[in-house]
Amino acid sequence: MVRVTVPVPGRSYDVTIGAGLLPTLGDHVPSLPGATTAFVVSDRTVADLHHRTIAGAIEGRGLGTVLLLVPEGEEAKSLQAYGSLLRQLAGREAHRDDVIFALGGGAVGDLAGFVASTYMRGIPFIQIPTTLTSQVDAAIGGKTAVNLPEGKNLVGTFSQPIAVVADVDVLATVNERDFRSGLAEVAKYALALDEDLLATLERDPGPIVRRTATVLEDVIARCVAAKAGIVAEDERDASTRLVLNYGHTLGHALERLDAFGGRTHGEAVALGMVFAAALAEARGLASGLRARTERLLASLGLVPDGELPPVDEVLRCLRLDKKYRDGVRWILLEDVGRPIVVDDVSDTEVAAVLLEMGASA
Ligand SMILES: NC(=O)c1ccc[n+]([C@@H]2O[C@H](COP(=O)([O-])OP(=O)(O)OC[C@H]3O[C@@H](n4cnc5c(N)ncnc54)[C@H](O)[C@@H]3O)[C@@H](O)[C@H]2O)c1
Ligand SMILES: [Zn+2]
């Protein structure tokens, strides 16, 4: 078991990572003297797998539990699901000292966190992430959100959980494609922020790909530590936190243009990192980075393939990015572990790299 603190001033909390944590959940969360009920927000799949275990552990701490089910995947992040959860809380007379447990992937976590941060102007919540993506990324850092028909994550808050418990055993049932999608985020941390992690993955990617518990614990803890440091410095996404978006600028555009390949988030980010590496090299930074990135991704089962959208479509989509203001901001690496934010990349440069990667004009 490893414990990583997210040292956000005034609201710091622990992330506990390890095997077999759910049955002893009560030992890994702070005590909640005023709480009478724990509201467990989850989806059908995850609740069927784990609700009984965590309800037992929570009840062992003297709290009642109520399970609140939400739709699976991205559908959870709707205004309708948000409104429905608020009304269920009010209907059950949830009070400000009660607590919400978000049991599920990033979608459940984003929704439950948003509900917790707005119901009665905010009640405590605990993240129990159950996918690799949510254990290394979504559950850490306090960004909560739901989607609008107009776009993803357009409504939300910055609101930190009081604890995060990541049990690596639950990852056994995550499907292969979702797991690999999470590995793309792991690769992001390794390339952009943690050279030791990169060295570990390059030495032998086998154990992580096979989901060996001890290695998962170590790798997830390092990703969490990398994110924790950055979130503590820049909770509200004003500056340094941007580096967590390595590979995501192009990645988001590719996801939105998913008529061209239907990529998962992780697959799109993987391609985004290859693109960023190629762009860095074209600018005279980071020689050999593209080949190294491709090797790493391939060893994790992420061979970026599928057709790229035409260059014009990508450029148009980049301009629509919600983070676009006076220009698209790219995170590039001067070398592994050394991210910089660059805002003077011209359309011509982007187009040249895309063409070189096989996109049509
Ligand atoms: N808040 C943040 O900082 C942040 C960061 C990254 C991603 N996100 C958000 O996270 C969401 C993606 O999260 P995700 O990749 O975890 O997917 P997800 O939450 O959409 O879950 C995908 C599927 O996995 C299933 N599942 C979850 N845990 C399982 C388990 N242990 N075994 C079997 N099946 C399981 C779920 O039922 C669901 O059907 C997106 O909405 C994204 O915007 C948020
Ligand atoms: Zn991501």
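Residues numbered from 1 in each chain as written. Chains lettered and ligands numbered in written order. Predicted model: local features only at pLDDT ≥ 70, side-chain atom pairs only at ≥ 80, totals over all residues. Heavy atoms only, no water.

1. Observations concerning the overall build of the protein chain
Stated formally: Secondary structure is summarised from DSSP: a helix means a run of H or I of at least four residues, a strand means a run of E of at least two, and numbering begins at the N terminus for each. For the exposure calls, accessible area comes from a 1.4 Å probe over protein chains only, and a residue counts as buried if that area is under 20% of its type's maximum, exposed if over 50%, partly exposed in between. Contacts: residue pairs with any heavy atoms within 4.5 Å of one another. All tallies of charge rest on Lys and Arg as positive and Asp and Glu as negative; His and the ends of each chain are not included. The location of each charge is read from NZ of Lys, CZ of Arg, CG of Asp or CD of Glu.
Along its length, the protein chain carries 13 helices and 11 strands. Across its three principal axes, the protein chain shows a C-alpha extent of roughly 60 × 45 × 35 Å. When each of the 361 residues of the protein chain is scored for burial, the buried share is 54%. Here the analysis covers contacts within the protein chain between residues at least 6 apart in sequence; of these, 76% occur between residues at least 24 apart. Between the averaged position of the 35 positive side-chain charges in the protein chain and that of its 48 negative side-chain charges there is a distance of 3 Å.

2. Thoughts on the nonpolar core
Looking at soluble globular proteins, one finds that nonpolar side chains tend to be buried together. What counts here: Residues enter a nonpolar core if they are buried and are Ala, Val, Leu, Ile, Met, Phe, Trp, Tyr or Cys, with the set joined through side-chain atoms within 4.5 Å.
Counting residues in each nonpolar core, the largest one holds 105 residues, and the members touching the most others are Ile 17, Leu 25, Phe 101, Ile 220, Tyr 246, Phe 275 and Trp 330. The leading source of residues in this core is helix H10 (residues 265-282), at 12 residues. Apart from residues no more than four positions distant in its own chain, Leu 25 is found in contact with Ile 54, Ala 57, Ile 58, Phe 101, Ile 128 and Val 165. Ranked by size, the runner-up nonpolar core spans 24 residues in total, among them Ala 102, Ala 107, Phe 114 and Ile 123.

3. Quick word on the sheet that holds strand S4 (residues 64-69)
Test applied: A pair of strands is treated as paired once DSSP finds two or more bridges between them. Axis angles are defined between N-to-C directions and span 0 to 180 degrees, where every axis is a line fitted to C-alpha atoms and, for a helix, only to the segment in contact.
Spatial ordering of the open sheet is given by S1-S2-S9-S6-S5-S3-S4, a layout of seven strands whose pairing is mixed. At either margin of the open sheet sits one strand with a lone partner, and together these are strand S1 (2-6) and S4. Averaged over all pairs of adjacent strands, the angle between strand axes in this sheet comes to 20 degrees, irrespective of strand direction. Two strands pair when backbone bridges link them, and strand S6 (residues 125-129) and strand S9 (residues 163-167) are joined in this way by two bridges, in the parallel orientation. Paired with Gln 127 across the two strands is Val 164, which belongs to S9. Along the sheet face, helix H2 (residues 79-91) touches strand S3 (37-42), S4 and strand S5 (99-104) and points at about 155 degrees away from the line of S4.

4. Some words on the pairing of strand S11 (residues 338-342)
Each regular strand carries side chains that alternate between the two faces of the sheet. Taken together, the five bridges between strand S10 (residues 330-335) and S11 define a ladder with antiparallel strand orientation. Along S11, the bridge assignment pairs Leu 332 with Ile 340.

5. Comments concerning the packing of helix H9 (residues 248-256) against helix H12 (residues 311-320)
Formally: Here the word oblique covers every angle except those under 35 degrees (roughly parallel), over 145 (roughly antiparallel) and from 65 to 115 (roughly perpendicular). Gly counts as polar in this scheme, as do all residues outside two lists: the nonpolar Ala, Val, Leu, Ile, Met, Phe, Trp, Tyr, Cys and Pro, and the charged Asp, Glu, Lys and Arg.
Taken N-terminus to C-terminus, the directions of H9 and H12 make an angle of 110 degrees; their axes are 9 Å apart at the nearest point. Of the possible angle classes, the one that applies to H9 and H12 is roughly perpendicular. On the side of H9, the interface is formed by Thr 249, Leu 250, Ala 253 and Arg 256, while H12 contributes Val 314, Cys 317, Leu 318 and Leu 320. Its residues assigned to classes, the contact of H9 with H12 comprises six nonpolar, one polar and one charged.

6. What about the coordination of the zinc ion (ligand 2)?
Our working definition: Any N, O or S atom lying within 2.8 Å of the metal counts as a donor, and for Na, K and Ca the limit rises to 3.2 Å; water is left out, so some sites can look incomplete.
Within the first shell, the zinc ion (ligand 2) binds the protein through Glu 185 (OE), His 248 (NE2) and His 265 (NE2), at distances of 2.0 to 2.1 Å. Within one chain, the residues donating to the zinc ion (ligand 2) are spaced in sequence as E-x62-H-x16-H. Taken together, the residues Glu 185 in helix H5 (residues 176-192) and His 248 in helix H9 connect sequence positions 63 residues apart. For Glu 185, a relative accessible area of 1% gives the class buried.

7. Quick word on the pattern of salt bridges
Here is the rule: By convention in these notes, a salt bridge is any Lys or Arg side-chain nitrogen within 4 Å of a carboxyl oxygen on Asp or Glu.
A full pass over the atoms with the stated rule returns 21 salt bridges. Notably, a salt bridge pairs Glu 176 with Arg 211, separated by 3.1 Å at the nearest N-O pair. Taken together, the positions of Glu 176 in helix H5 and Arg 211 in the loop between helix H7 (206-209) and helix H8 (213-233) put the pair 35 residues apart, joining distant regions of the chain. Note on Glu 176: relative accessible area 40%, which makes it partly exposed. Through salt bridges with shared partners, one network takes in Glu 74, Lys 77, Asp 110 and Lys 152.

8. Describing unusual backbone geometry
The backbone of Met 120 sits at a positive phi, close to 50 degrees, despite the residue not being glycine. By the secondary structure assignment, Met 120 is in the loop between helix H3 (106-118) and S6. In this structure, Arg 121 is a non-glycine residue whose phi angle is positive, near 60 degrees. Inspection of the secondary structure assignment puts Arg 121 in the loop between H3 and S6.

9. Side note on the site of ligand 1
For clarity, the cut-off: Whether a residue is near a molecule or strand depends on its heavy atoms: it is near if one of them lies within 4 Å of it. Counted as a polar contact is a pair of N or O atoms within 3.5 Å, where, for protein atoms, one must be capable of donating a hydrogen and the other of accepting one, and residues adjacent in sequence contribute only when both atoms are in side chains. In these tables, accessible area is a Shrake-Rupley quantity obtained with a 1.4 Å probe, and a residue counts as shielded only by the protein chains included in the view.
Ligand 1 sits among 25 residues. The nearest are Asp 43, Glu 74, Thr 130, Thr 131 and Thr 173. Residue Ala 107 places a main-chain N or O atom 2.9 Å away from an oxygen atom belonging to ligand 1. Taking Lys 143, its main chain carries an N or O atom lying 2.9 Å from a nitrogen atom of ligand 1. Isolated, ligand 1 exposes 880 Å² of accessible area, and the fraction of that covered by the protein chains is 82%.

10. Examining the domain arrangement of the protein chain
How we decide: Throughout the structure description, domain borders are defined by an automatic or database domain assignment. Put simply, buried area is how much 1.4 Å-probe accessible surface two parts lose in total, over both of them, once they are put together.
Here the domain parsing of the protein chain yields domain 1 (2-173) and domain 2 (176-356). For domain 1 versus domain 2, the distance between C-alpha centres works out to 27 Å. On the domain 2 side, the residues contacting the 29 residues of domain 1 number 27 residues. Together domain 1 and domain 2 conceal approximately 2300 Å² of surface at their shared face, both sides included; 66% is due to carbon and sulfur atoms. The three residues of domain 1 that bury the most area against domain 2 are Leu 132, Val 136 and Phe 158, which together make up 28% of that side's buried surface. For the pair domain 1 and domain 2, the interface holds four salt bridges.

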